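Below, each chain spelled out in residue letters.
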Amino acid sequence: MNHTSLKNDGRTGFSRRRFITGTGSLLGAAALAGPIPSAWATPRTAAAPIASGSRVPALVIGTGYGGCVAALRLAQAGTDVHMAEMGMAWDTPGPDGKIFANTTRPDDRSFWLRTRTKQPLSNFLGFPLDRNVNRYTGILDAEEFGGITVYQGRGVGGGSLVNGGMAVTPRRENFGAILPTVDAEEMYSTYYPRANSGLGVTTIDPAWFEEADCYQYARVGRKHAQRAGFPFLFVPAVYDWDYMKREAAGTVPRSALDGEILYGNNHGKKSLQKTYIDRIRATGRVTISPLHKVTTVTPAPDGGYTVLIDQLDTTGRTTATKTVTADKVFFAAGSVGTSKLLVGLKATGALPLLNDEVGRGWGDNGNVMCGRANHLWDPTGKLQASIPTGGIDNWDAGGAFAEVAPLPTGIETWASFYLSITKNPHRARFTWNAAAGRAELDWQTAWKQPSIDAAKTIFDRINRKEGTIYRSDLFGVHKIWGDHLTYHPLGGAVLDKATDNYGRLHGHPGLYVIDGALIPGNTSVNPFVTITALAERNIERIIATDL
């Protein structure tokens, strides 16, 4: 019998009402209540932001993977650097004593300038999950375009604050399709190892994995994959596994075992704050301005670039506009942020010599999600670690790699949940809407069909083997596929097209792209290790030749 019906089961005493009212449920009181009054109306961190009129040798726009690599290596080479970050610093606890909100209990900290949450899983057992919140410069931006919602981290540390921590290096035989103009030998001998070391990438202890209650869901996913003929791969991650063991033993505050991931992780995860940014601060040559949004970059009369920066408060209101001069500018605002900014700068004449490749080659890394309804005798566990540890590789035969992902609701769901990365050929373009004064993306929801088809090569076979079916209560009423989103935006300023082969923007010397905008739409796996490794490669050449 599948756990597909909401009727009572005589053997277990299971009922729909009992299922949705369990302690700690994703649909508990917090998820259904109205907004909590905002306790974060003013900035919670004392900062020394950049002063208007300043001149800096290097300005880095953004503090994600590429930006942190650039800032660290520039500082180590003797260059003073300033980093402008649109989001908050996320270094001060809130009224609950925690910096980050829990995944199952979103509050004002959870979303960037929204009055209602927009969670990736919008429904559960027919109930909507989203709730009202107060407008605040929260950690997760659910940015909506015509055909897709793009989830991005907002804060010092960028996407590292909100991702699942799966630190995957692509198989070398796939690399030529990812970055065809980059020397694979250099990447795999030098820059991928450098990135993995810098990020603190490690793999779970296999013996502990076999016994840990919190990874029952992953063991069930492995069993189903292997019985259907697919390989299950242990996947490295950026989590302190010793800390997770202590979480399981009850000797430290829970973090991954309290479901923390989507809106930040308070303890064990090695985000950029704990790796590159720690080393950046230690150089003494880098300053960071949170809640500072770059709006314009133009050539300065006496060389370098004039940069306009809006300082924000926690409602998103501009409190000051600053003018800064930078000798060199590194665009590291993420694929979407960098692409939107460059498209606008070209269209409005601020940087008219940028070429027509700016804005092109954007993709969603083939992201699509789904859930499977397992048998009642095949539970996935009430306690689920929020850090995924394994995946199913059917890239060669079906064009899909799937994370065996957690569903940390705090109750037994009998569900296996997956995020797939697929060979989706579609690429979108950012263009400038002059009337609206904004950049727009021409992605079409129908373009997700190749991703669904690729993912089905895995999950149709597993369902046939197990006698199970897809869940249809996670993304809307009777909707199986999470085809409305991406966690992995890539492209928009593609390497060796919008830039040269090391990220120098064509037409304007001293401007560089150093983030995921360089990668044309797909990495075949989770992308942040590749973004980091490419940044390490590029900044090494830039320092050697341009400084």
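Residues numbered from 1 in each chain as written. Predicted model: local features only at pLDDT ≥ 70, side-chain atom pairs only at ≥ 80, totals over all residues. Heavy atoms only, no water.

Engineer: For this particular structure, what's the right way to read the environment of Leu72?
Structural biologist: You can see Leu72 is positioned in helix H3 (residues 65–76). Ignoring any residue separated from it by four or fewer positions in sequence, one finds Leu72 in contact with Tyr276, Arg279, Ile280 and Thr283. (Helix = DSSP H or I, 4+ residues; strand = E, 2+ residues; numbered from the N terminus. Contact = heavy atoms within 4.5 Å.)

Engineer: When you look at the sheet that holds strand S19 (residues 485–486) in this model, what are you seeing that I'm missing?
Structural biologist: Hydrogen bonding along the main chain pairs the strands of a sheet, whether they run parallel or antiparallel. The mixed open sheet is built from three strands, whose spatial order is S5-S6-S19. Of all strands in the sheet, those with a lone pairing partner are strand S5 (140–144) and S19, marking the two edges. Pairing analysis gives five bridges linking S5 to strand S6 (residues 149–153), with the strands arranged antiparallel. The residue of S6 that forms the bridge with Leu140 is Gly153. (Pairing = 2+ DSSP bridges.)

Engineer: What should I look at first to understand helix H12 (residues 449–466) in this one?
Structural biologist: Because an α-helix completes one turn every 3.6 residues, residues spaced three or four positions apart along the sequence face the same direction. Between its terminal C-alpha atoms H12 stretches 25 Å, which fits the 26 Å expected from 18 residues at 1.5 Å a residue. Listing the buried residues of H12 in full gives Ser451, Ile452, Ala454, Ala455, Ile458, Phe459, Ile462, Asn463 and Glu466. Just downstream of H12, Gly467 is the residue with a positive phi angle, here 70°. (Expected span 1.5 Å × (residues − 1). Buried < 20%, exposed > 50% of the residue type's maximum accessible area, 1.4 Å probe, protein only.)

Engineer: Whenever I open this one, the pairing of strand S14 (residues 400–405) confuses me. Can you help?
Structural biologist: Side-chain direction in a regular strand flips from residue to residue, so the side chains alternate between the two faces of the sheet. Of all six residues in S14, six are buried; the element is thus mostly enclosed. By the alternation rule, side chains of S14 split into Ala400, Ala402 and Val404 and Phe401, Glu403 and Ala405, which are all buried. Here strand S13 (residues 390–394) runs beside S14; their pairing, made up of four bridges, is antiparallel. Bridge pairing in S14 links Ile392 to Ala402. As paired elements, S14 and strand S15 (residues 415–422) share six bridges and run antiparallel to each other. Bridged to Glu403 within S15 is Leu419.

Engineer: I'm lost on the nonpolar core in this one. Help?
Structural biologist: Across soluble globular proteins, you tend to see nonpolar side chains buried next to one another. Core analysis: the biggest nonpolar cluster contains 88 residues, and Met83, Leu199, Val297, Val329, Phe330, Phe331 and Trp362 have the highest contact counts within it. In this structure, Trp112, Tyr136, Cys370 and Ala400 belong to the second largest nonpolar core, which totals 69 residues. (Core = buried A, V, L, I, M, F, W, Y, C linked by side-chain atoms within 4.5 Å.)

Engineer: Please explain the packing of helix H5 (residues 184–199) against helix H13 (residues 528–546) as it appears in this structure.
Structural biologist: In a pair of packed helices, the angle between the axes and the distance between the axes together describe the arrangement. Put simply, H5 and H13 touch, their axes get as near as 8 Å, and they point 115° apart. Taken together, the axis directions place H5 and H13 in an arrangement best described as roughly perpendicular. Note that H5 runs across H13; the crossing there is right-handed. Taken together, the residues of H13 that come into contact with H5 (itself represented by Glu186, Met187, Tyr191, Tyr192, Arg194, Ala195, Asn196 and Leu199) are Phe528, Val529, Thr530, Thr532, Ala533, Leu534, Glu536, Arg537 and Glu540. Of the residues assigned to the contact of H5 with H13, the class counts are nine nonpolar, three polar and five charged. (Axes fitted to C-alpha atoms, helices over the stretch in contact; angles between N-to-C directions. Parallel < 35°, antiparallel > 145°, perpendicular 65-115°, else oblique. Left-handed = near helix turned anticlockwise from the far one by under 90°. Nonpolar A, V, L, I, M, F, W, Y, C, P; charged D, E, K, R; others polar.)

Engineer: Help me out: how do you make sense of H5 in this one?
Structural biologist: Within H5, the axis deviates most sharply at Tyr191, by approximately 35°, and proline Pro193 lies no more than four positions further along. Residues of H5 that are buried: Met187, Tyr188, Tyr191, Tyr192, Ala195, Asn196, Gly198 and Leu199. Looking at the packing, one finds that the buried side of H5 touches H3, helix H4 (175–178), helix H9 (276–283) and H13. The N-cap residue of H5 is Asp183: its side-chain oxygen and the backbone nitrogen of Glu185 are 2.8 Å apart. Gly200 occupies a position one or two residues after H5 and carries a positive phi of about 75°. (Bend = angle between axes of the 7 residues up to and from the residue. Polar contact = N/O pair within 3.5 Å; in protein donor to acceptor, adjacent residues only side chain to side chain.)

Engineer: For this particular structure, what's the right way to read the confidence of the model for the protein chain?
Structural biologist: Interpreting fine coordinate detail is not advised for predicted regions of low pLDDT. Across the protein chain, the average pLDDT comes to 92, with 91% of residues at 70 or higher. Averaged over each element, pLDDT in the protein chain is lowest for helix H1 (residues 16–20) (34) and highest for strand S20 (residues 511–513) (99). Note on residues 1–37: pLDDT is under 50 here. Beyond four places in sequence and across chains, it has 84 contacts. (pLDDT = per-residue confidence, 0-100.)

Engineer: Sorry if this is basic, but what is going on with the packing of aromatic side chains here?
Structural biologist: Pairs of aromatic rings are described using the distance from one ring centre to the other and the angle between the two planes. On inspection of all chains with the given rule, the structure shows 21 aromatic pairs. When the centroid spacing of 6.3 Å and the interplanar angle of 80° are considered together, the rings of Trp208 and Tyr215 count as edge-to-face. Neither residue differs from the other here; Trp208 and Tyr215 are each classed as buried. One aromatic cluster is present, built from ring pairs that chain together Trp208, Phe209, Tyr215, Tyr217, Phe232 and Phe234. Its guanidinium or amino end placed over the ring of Tyr276, Arg279 lies 4.8 Å from that ring's centre, counting from NZ or CZ. (Phe/Tyr/Trp six-rings, centres within 6.5 Å; stacked < 30°, edge-to-face > 60°. Lys NZ or Arg CZ within 6 Å of the ring centre and 35° of its normal.)

Engineer: Looking at this structure, I do not really get the sheet that holds strand S7 (residues 232–234). What am I missing?
Structural biologist: Strand order in the open sheet formed by six strands is S7-S13-S14-S15-S12-S18, and the pairing between neighbours is antiparallel. The open sheet is flanked by S7 and strand S18 (469–470), the only strands paired with a single partner. Inspection of the sheet shows strand S12 (residues 368–373) paired to S18 by two bridges, in the antiparallel sense. When the sheet's bridge partners are listed, Arg372 is paired in S18 with Tyr470. Against the sheet, H12 contacts S12, S13, S14, S15 and S18, and its axis sits at roughly 10° relative to S12.

Engineer: Is there a simple way to think about the pairing of strand S2 (residues 81–84) in this case?
Structural biologist: What you see with S2 is no split at all: Val81 and Met83 on one side and His82 and Ala84 on the other are buried throughout. Bridge analysis of strand S1 (residues 55–61) against S2 gives four bridges, and the strand direction is parallel. When the sheet's bridge partners are listed, Val60 is paired in S2 with Met83. Two strands pair when backbone bridges link them, and S2 and strand S8 (residues 286–289) are joined in this way by four bridges, in the parallel orientation. Bridging across to S8, Met83 finds its partner in Ile288.

Engineer: Help me out: how do you make sense of the pattern of salt bridges in this one?
Structural biologist: Side chains that differ in charge, positive against negative, can pair when their charged atoms come close. Going through the model one piece at a time under the given rule, you end up with 31 salt bridges. Close ionic contact of Arg55 with Asp327 constitutes a salt bridge, the shortest N to O distance being 2.8 Å. Remark: Asp327 occurs in strand S11 (residues 318–331) and Arg55 occurs in strand S1; sequence separation between them is 272 residues. Taking relative accessible area as the criterion, Arg55 reaches 41% and is therefore assigned partly exposed. (Salt bridge = Lys/Arg side-chain N within 4 Å of Asp/Glu carboxyl O.)

Engineer: Sorry, what's going on with unusual backbone geometry here?
Structural biologist: Negative phi values dominate among residues other than glycine, just as trans dominates among peptide bonds. The phi dihedral of Trp90 falls on the positive side, at around 50°, and the residue is not glycine. Here Trp90 lies in the loop between S2 and strand S3 (123–124). For Leu113, which is not a glycine, the phi torsion comes out positive at approximately 50°. Take Leu113: it is sitting in the loop between S2 and S3.

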